[in-house]
Each structure stands twice: as structure tokens, then as C-alpha cells.
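Residue-level structure breakdown
As a plain string of letters, each chain reads:
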Amino acid sequence: EMLSPQQPPTRKKSEPNRKITDLSKEEVAERLEQQRSNTYHQFVEGNLILKQGIIEKKKGIFPRRRMLLLTLGPHLYYVDPVTMTLKGEIPWSEDLKSEPRNFKKFFVHTPNRIYYLEDPEGYALEWCKAIDEVKAHYYPLQQS
Ligand code: 4IP
């Protein structure tokens, strides 16, 4: 099965328990190769994109539409999809926590800031699950 170069694959329906981080070295290498044609590859410092999608990040008066990129590393980059510029990164640490609020809204808690995010497509739970799996992968002793 060919993976689309633009959208990293999400969980396959046939493998519901497979974690987003369950990848062999060969799969990582193959997907990195495919990722070169992803227009957002330029922002992720060579890291494999595990999940990407447009979200709204609320801060101040105006929510900002951003492409959120969850990668190995781990990293959570966000890019302005109109100007195609990297706007920042949600800093990873063992203390990062996702919190779904409803199907659209979710929070990402970090020691110095709570990121208020909204997935207009309604896949907030998917985002939180992916973030939790990445956290469990990199910080296995931190799970409560
Ligand atoms: C900006 O609001 C944008 O929301 C920025 O988001 C945000 O930076 C700024 O917060 C905030 O002041 P205005 O443009 O309405 O002023 P983005 O960087 O995605 O464009 P971050 O990146 O931190 O969310 P400050 O406090 O970081 O400057």
C-alpha cells in the first residue's frame, strides 16, 4: 500500500492497537524518504512526521490557523500555512500533557504555558491519543 506523500498515514483501521510510534528502523527510513515530497518537510529538521493537520491556536484576540506537526524527536512544530513560515514549537518535556475538552478543543499543558488548540475537523481525541503515545514512547516511566 502506497502512503500519500502529503499526508502522513494515520492509524490503519486493520491495526487499531498499533501505536503511532510503533515503527521499525526500515519503516522510519521508508517514510522519511516519502516525506521529502511533503511541503512541510522543510520545517521538521529531518524528523519523521507522525501526524499533521490544520489546527487553530488560540492566544490573544485572534486564533491562528497553523499546521501542527507531531514528529519523532519528539517535536510539535507549528507553521503558518499561508506564509509557509515556522512560527514556533510546543516545547516537549516529561511534563507535557494533552487534555481533550471535546471533539474539537484540546489543551496541551507545558510547564510554562497551556496551548489552547482546536481541530476544526473534530479530531481532537486523535491528536491527544497521538501525543500521549509519543509521550509514552519517549518518557515511559512518566505514565501515571
Ligand atoms: C500572537 O497574537 C499570535 O497568536 C502568535 O502565534 C503568538 O505566538 C503570540 O504570542 C501572540 O501574541 P497576535 O499576532 O494577535 O499578537 P503565532 O506565533 O503562531 O503566530 P506563539 O507562537 O508563542 O503562540 P507570544 O506571547 O508568544 O508573542
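This report concerns the structure included in the present document. (Residues numbered from 1 in each chain as written. Predicted model: local features only at pLDDT ≥ 70, side-chain atom pairs only at ≥ 80, totals over all residues. Heavy atoms only, no water.)

1. Section: helix H1 (residues 25-35)
Here H1 has its buried residues at Val28, Arg31, Gln34 and Gln35. Buried residues of H1, seen end-on, are gathered within an arc of 125 degrees and therefore sit on one face of the element. Away from its buried face, by an angle of more than 90 degrees, H1 presents the exposed residues Lys25 and Glu26. Buried-residue contacts for H1 involve strand S1 (49-58). (Buried < 20%, exposed > 50% of the residue type's maximum accessible area, 1.4 Å probe, protein only. Helix = DSSP H or I, 4+ residues; strand = E, 2+ residues; numbered from the N terminus. Arc of directions from axis to C-beta. Contact = heavy atoms within 4.5 Å.)

2. As for the nonpolar core
Ranked by size, the top nonpolar core spans 23 residues in total, and within it Leu68, Ile90 and Phe106 carry the most contacts. Those elements that provide at least two residues to this core are S1, strand S2 (64-71), strand S3 (75-80), strand S6 (105-110), strand S7 (113-118) and helix H2 (124-138). Looking at this core, the element that brings in the most residues is H2, giving six residues. Here isoleucine 90 is in contact with Leu68, Leu76, Tyr78, Leu96, Val108, Thr110, Tyr115 and Leu117, once residues within four sequence places are set aside. In terms of nonpolar packing, the next biggest core, distinct from the first, is built from eight residues, Tyr40, Met67, Leu69 and Val79 among them. (Core = buried A, V, L, I, M, F, W, Y, C linked by side-chain atoms within 4.5 Å.)

3. Let's talk about the packing of aromatic side chains
Each pair of aromatic rings is reported with the distance of its centres and the angle of its planes. Enumeration according to the criterion identifies four aromatic pairs in this entry. Here the aromatic rings of phenylalanine 106 and tryptophan 127 are separated by 6.4 Å at their centres, their planes lie at 10 degrees, and the arrangement is stacked. Of this pair, phenylalanine 106 sits in strand S6 while tryptophan 127 sits in helix H2, and the two are 21 residues apart along the sequence. Taking the relative accessible area as the measure of exposure, tryptophan 127 reaches 2% and is therefore buried. One residue, lysine 51, lies across the ring of tryptophan 127, its end atom 4.8 Å from the ring centre. (Phe/Tyr/Trp six-rings, centres within 6.5 Å; stacked < 30°, edge-to-face > 60°. Lys NZ or Arg CZ within 6 Å of the ring centre and 35° of its normal.)

4. Remarks on the pairing of S2
With respect to burial, S2 is a largely interior element, six of its eight residues being buried. Here S1 runs beside S2; their pairing, made up of eight bridges, is antiparallel. Within the sheet, the bridge partner assigned to glutamate 56 lies in S2 and is arginine 65. Between the antiparallel neighbours S1 and S2 lie five residues, among them glycine 60 with a positive phi of about 70 degrees. Direction of pairing for S2 relative to S3: antiparallel, over a ladder of five bridges. Looking at S3, one finds that threonine 71 is bridged to histidine 75. (Pairing = 2+ DSSP bridges.)

5. As for the site of the ligand
Taken together, Lys57, Lys59, Arg64, Arg66, Tyr78, Lys87 and Arg113 make up all the residues around the ligand. A distance of 2.7 Å separates an oxygen atom of the ligand from a polar atom in the side chain of lysine 57. A distance of 2.4 Å separates an oxygen atom of the ligand from a polar side-chain atom of lysine 59. Expressed as a share of its isolated accessible area of 550 Å², the protein-covered part of the ligand is 57%. Taken together, the residues of the shell around the ligand break down into one nonpolar, no polar and six charged. (Near = heavy atom within 4 Å. Polar contact = N/O pair within 3.5 Å; in protein donor to acceptor, adjacent residues only side chain to side chain. Areas by Shrake-Rupley, 256 points an atom, 1.4 Å probe, with all protein chains shown as cover. Nonpolar A, V, L, I, M, F, W, Y, C, P; charged D, E, K, R; others polar.)

6. Considerations on the sheet that holds S7
Across the sheet, seven strands lie side by side as S4-S3-S2-S1-S7-S6-S5; this open sheet has antiparallel pairing. The open sheet has two edge strands with one neighbour each: strand S4 (85-89) and strand S5 (97-100). Across the sheet, the mean angle separating the axes of adjacent strands is 35 degrees when strand polarity is ignored. (Axes fitted to C-alpha atoms, helices over the stretch in contact; angles between N-to-C directions.)

7. Let's talk about the environment of threonine 110
Structurally, threonine 110 is set in strand S6. Accessibility expressed as a relative area gives 10% for threonine 110, which makes it buried. With 13 residues separating them along the chain, threonine 110 and lysine 97 place their C-alpha atoms 6.8 Å apart. Within the structure, threonine 110 has its side chain in polar contact with the backbone oxygen of arginine 113 (distance 2.7 Å).

The quantities given are spatial measurements derived from coordinates; they are silent on function.
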